[in-house]
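Overview (structure and organization)
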Amino acid sequence: MADSHEAQDAQGRDTQAQVSEAQIAVHWREEEYVYPPQKFIDQANAADPAIFDRFHEDKFPDCFTEYADLLSWDQPWHTTLDTSNPPFWKWFAGGQLNASYNCVDRHAQASPDKTAIVFVPELESDDHVHISYSELLRQVNQFAAVLRDSLGLKAGDRVTLHMPMVPELPVTMLACARLGVIHSQVFGGFSGNACGTRIADSGSRVLITMDGYYRGGKLIDHKVKADEAVEEAARQGQEVDRVLVWRRHPRQYSSQIPMADGRDVFVDELLSEHQGQVVEPVSMPAEAPLFLMYTSGTTGRPKGCQHSTGGYLAYVAGTSKYYQDIHPDDVYWCMADIGWITGHSYIVYGPLALGTTTVIYEGVPNYPDAGRPWRIAEKLGVSIFHTSPTAIRQLRKLGPDEPRKYDYHFKHMTTVGEPIEPEVWRWYHSEVGKGDAVIVDTWWQTETGGFLGTGLPALNPMKPGSCGPAALGIYAVIYDENGDEVPDGRAGNICIRNPWPGIFQTIWGQPGRFVDTYYRKYNSDPASTDWRDWPYFAGDGAVRAADGYFRILGRVDDVINVAGHRLGTKEIESAALTVGEVAEAAAVPVIDDIRGRAVEVYVSLKPGIQPSPEMENKVTKAIETEIGKIARPRNVWIVPDMPKTRSGKIMRRVIASISNFADVGDVTTLANPEIVDDIRHHVPRQLTELEYEEIKKFGGE
Ligand code: WTA
């Protein structure tokens, strides 16, 4: 696999100098099946194997009307899948609906007092807040009135949100959706600069933020980032004329940063002008964009993944029903952040479309201690729990015996975002799930809207470390570099042969990049309007076992998945290069026992500049400023020079091997082979036991 991936990437460029996550993937053996308990099967939404026939390839694309029928449509669609302009698929063409109506109004009519959202503030001394469907409807209406009448926003406008994990975030998203305004929520932990870049790219003239929020027990000043964001957007040519500031504590300002006159305004003050106002949901075409979600790609410019209203909502509703097994009376808690796709699809849109109760937790899992998630679960009676391998690893490390101290019962648990080590899976199963909950491992991406690889919990047994088979109506395949299918047990590029309703529509403002990145590689006939000629290239390495279950190895492109969050190597490197003294920078993935992968950055300095700890700090700070703390490198190594090919390309593969204590391979063809040993002396490091084990498996020293 290493060899095949070095030859070419998605764009057909020479990637000799790159290294992918998939190349440093650990080699787990196939695990035994684990079966779901009978009492889970007895209540499951999908327990009849006839469902596999309903989604068989010969029923495509009409099989997906089963998902669309979970929604209320203002006008039915005339074409299930319009393939006239590939790969810009149109699902449920001709149909009209409103996402906010589907997630709020219809449930507020049917069961007004039912809890839609439970907000759990990070401080344990603060009470939980229950928001009923009728209360949610009131808040969404009122805020939609602000957006429409005070700001003049209308369908098709883009608005950037930079909000923390508070119920005001889904209220804001749903108010936008009510008007057909396209929301673009930027993860709250991203820096002001990163937010500014996304404001500029999406062409937003309004930013919606919050003054502060709790994290790790501290009230963080968040408004400061709004000012940085507006400044950065202006530098990139986009003026922001309104910044709406929600207040974390009503009537009390939690930031040190002054409100800018004429630009910044408190949301609670605007809301008081629209008390009790009702805003009719705007009926939107199924293919109208619902939101943008930015993600990292192989160049520095982030990609605004554009998701549709009808197809997306149908797909997240359907997968929430069958894979999350959400019933109306469940208390469902996904511990992800709404600022990522997981939160959009499986905290907000999927669960609310089904009318369930969704939990929003403001803070970090281990505040004030590693028992917190289990106390929340006990107190709220959470029945479905959803988190990432990173969180599981961390809770396992900090509080291996905590779950058993609490009296909660999960019927179902999800893992998402990265491969989960079988050992960690087993702890999740036996300790967190008390041996009684099913685990659904879900492989998918920002681009894909919802799950691609995952098992139906009552029908497909679990296999630790494997995400399971392809989801209903998803026809997955593993290709080699030439587009030939690889035999089972061999690694290659995982692709989806068909379109599905949750697939993103395009990259905002970059349709050419959309086609090039995801479809060019395996399309043999650009003129074809047959979907069979347009396999979707996911950018992940994977292996399929004989039973059809997939194991995802990691990214095959220049993206590093840190704690389930995608970071582009180019983004990190250009951030490092904003430091004036830095001549060259290379970012590489390394194995990390909590975060799966971490980033290490190698820099060489301009002539005459001496290496120093201050210089390392400067590089780290620059990365935090440009991207956010999430991209903070585990180490910054200052090296005399980078290993390079004769044509002058930095050999990241060699650097990554050094960082992972692995064999660097043949370096004799480098322009400067002697530098390899020299660099090695710059990376002394203590390994944790788990890392050591992983590295040994990977064939390191
Ligand atoms: C990785 C998150 C293994 C994969 C929903 C993918 C996974 C990238 C899994 C997308 C999983 C996600 N097992 N790897 N269950 N889920 N990935 O866009 O490399 O933030 O391409 O979407 O995460 O990350 P993104």
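All of the points below concern the structure found in this document.

Okay, the overall build of the protein next. The helix and strand inventory of the protein stands at 21 helices and 30 strands. Taking 701 residues into account, the globule formula puts the C-alpha radius of gyration at 27 Å, and the protein, at 24 Å, falls close to it. When the backbone C-alpha atoms are referred to their principal axes, the protein occupies close to 70 × 60 × 60 Å. Looking at the protein residue by residue over its 701 residues, the buried ones come to 65%. Relative to all contacts within the protein whose residues are 6 or more apart in sequence, the contacts with residues 24 or more apart total 73%. The averaged location of the 96 negative side-chain charges in the protein is 2 Å from the averaged location of its 68 positive side-chain charges.

What follows is about the site of the ligand. Around the ligand sit 18 residues in total, of which Asp-441, Thr-446, Asp-540, Arg-555 and Arg-566 are the nearest. Here an oxygen atom of the ligand and a side-chain polar atom of Asn-561 are 3.0 Å apart. The protein chains hide 97% of the 530 Å² of surface that the ligand would expose on its own. Secondary structure elements with two or more residues in the shell around the ligand: helix H12 (341-353), strand E20 (438-442) and strand E25 (550-555). Partitioning the shell around the ligand into residue classes produces six nonpolar, seven polar and five charged.

What follows deals with the environment of Arg-646. Here Arg-646 shows up in the loop between strand E30 (635-638) and helix H19 (652-659). Residues Arg-646 and Leu-670, spaced 24 residues apart in sequence, show a C-alpha to C-alpha distance of 6.1 Å.

With that settled, the discussion passes to the sheet that holds strand E29 (residues 596-605). Strand order in the open sheet formed by three strands is E28-E29-E30, and the pairing between neighbours is mixed. Two strands in the sheet have a free side with no partner beyond their single neighbour: strand E28 (582-592) and E30. For this sheet the average axis-to-axis angle between neighbouring strands, irrespective of direction, equals 25 degrees. Summarising the sheet, E28 and E29 pair through ten bridges and their orientation is antiparallel. Residue pairing in the sheet places Ala-585 in a bridge with Val-603 of E29.

Packed helices, taken two at a time, are described by the angle between their axes plus the distance between the axes. The geometry of helix H5 (residues 99-110) relative to helix H7 (residues 168-179) is characterised by a closest axis approach of 7 Å and an angle of 120 degrees between their N-to-C directions. Considered as vectors, H5 and H7 are oriented oblique to each other. H5 and H7 meet at a crossing whose hand is left-handed. In this structure, H5 contributes Ala-99, Ser-100, Tyr-101, Cys-103, Val-104 and Asp-105 to the contact, and H7 contributes Leu-174, Ala-177 and Arg-178. Tallied by class, residues from the contact of H5 with H7 come to six nonpolar, one polar and two charged.

One pass over the full model with this rule turns up zero disulfides. Note on Cys-495: no disulfide assigned, nearest cysteine sulfur contributed by Cys-467 at a separation of 14 Å.

Helix length check: helix H18 (residues 613-626) (14 residues) gives 20 Å between terminal C-alpha atoms against 20 Å at 1.5 Å per residue, within 8%. All of the buried residues along H18 are Met-615, Val-619, Thr-620, Ala-622, Ile-623 and Glu-624. Contacts from the buried residues of H18 go to helix H17 (569-576), E28, E29 and E30. Gly-628 sits one or two positions beyond H18 and adopts a positive phi of about 140 degrees.

A separate point is the nonpolar core. Within the largest apolar cluster, 117 residues are counted, with the highest numbers of intra-cluster contacts made by Phe-64, Leu-136, Phe-143, Ile-208, Leu-244 and Tyr-349. When residues in this core are grouped by element, the largest group, nine residues, is from helix H6 (residues 133-150). If near-sequence neighbours (up to four positions away) are discounted, Leu-244 is found in contact with Phe-143, Val-146, Leu-147, Leu-151, Leu-207, Ile-208, Thr-209, Val-265, Val-267 and Leu-270. Formed by 40 residues, the second largest nonpolar core is a distinct cluster that contains Phe-190, Ala-229, Ile-560 and Val-599.

A few words on helix H15 (residues 422-432). Within H15, eight of the eleven residues are buried, leaving the element largely enclosed by the surrounding structure. If you check which residues of H15 are buried, you get Pro-422, Val-424, Trp-425, Trp-427, Tyr-428, His-429, Glu-431 and Val-432. The secondary structure elements touched by the buried residues of H15 are helix H13 (372-380), strand E18 (384-387), helix H14 (389-398), strand E19 (412-416) and E20. Within two residues after H15, Lys-434 carries a phi angle of roughly 55 degrees, on the positive side.

So, how was this worked out
- The residue numbers shown here count from 1 along each chain, following its written sequence.
- Given that this is a predicted model, residues contribute local features only at a pLDDT of at least 70 and side-chain atom pairs are listed and counted only at 80 or more, while totals for whole chains, interfaces and linings are drawn from all residues.
- Each side-chain value is derived from all of the structure's non-hydrogen atoms; neither hydrogens nor water enter the calculation.
- Runs of H or I in DSSP of at least four residues are treated as helices and runs of E of at least two as strands, each being numbered from the N terminus.
- Here the globule rule reads 2.2 Å times residues to the power 0.38, and the radius of gyration is calculated from C-alpha atoms.
- Only protein chains enter the accessibility calculation, which uses a 1.4 Å probe; a residue is then buried when its area is under 20% of its type maximum, exposed when over 50%, and partly exposed in between.
- By definition, residues are in contact when any of their heavy atoms lie within 4.5 Å.
- Charge counting treats Lys and Arg as positive and Asp and Glu as negative, with His and both chain ends excluded.
- By convention, the point assigned to a charge is CZ for Arg, NZ for Lys, CD for Glu and CG for Asp.
- Nearness here has a simple test: a residue counts as near a molecule or strand if at least one of its heavy atoms is within 4 Å of that partner.
- Side-chain atoms alone can form a polar contact between residues adjacent in sequence; in general such a contact is a pair of N or O atoms within 3.5 Å, and within protein one must be able to donate a hydrogen while the other accepts it.
- Note that accessible areas follow from Shrake-Rupley with a 1.4 Å probe, and for residues the cover is restricted to the protein chains shown.
- Classification used: nonpolar for Ala, Val, Leu, Ile, Met, Phe, Trp, Tyr, Cys and Pro, charged for Asp, Glu, Lys and Arg, polar for all others including Gly.
- By the convention used here, strands pair only if DSSP detects at least 2 bridges between them.
- Every axis corresponds to a line fitted to the C-alpha atoms, with the helix fit spanning only the stretch in contact, and the corresponding angles, defined between N-to-C directions, vary from 0 to 180 degrees.
- Working definition: roughly parallel below 35 degrees, roughly antiparallel above 145 degrees, roughly perpendicular at 65 to 115 degrees, and oblique for all remaining angles.
- In this scheme the crossing of two helices becomes right-handed for a clockwise turn of the near helix relative to the far one and left-handed for an anticlockwise turn of less than a right angle.
- When two cysteine sulfur atoms are found within 2.5 Å, that pair is recorded as a disulfide.
- An expected span of 1.5 Å times one less than the residue number is assigned to each helix.
- Take the buried residues of types Ala, Val, Leu, Ile, Met, Phe, Trp, Tyr and Cys, join any two whose side-chain atoms come within 4.5 Å, and each joined set is a nonpolar core.

Nothing here speaks to function; it is all geometry.
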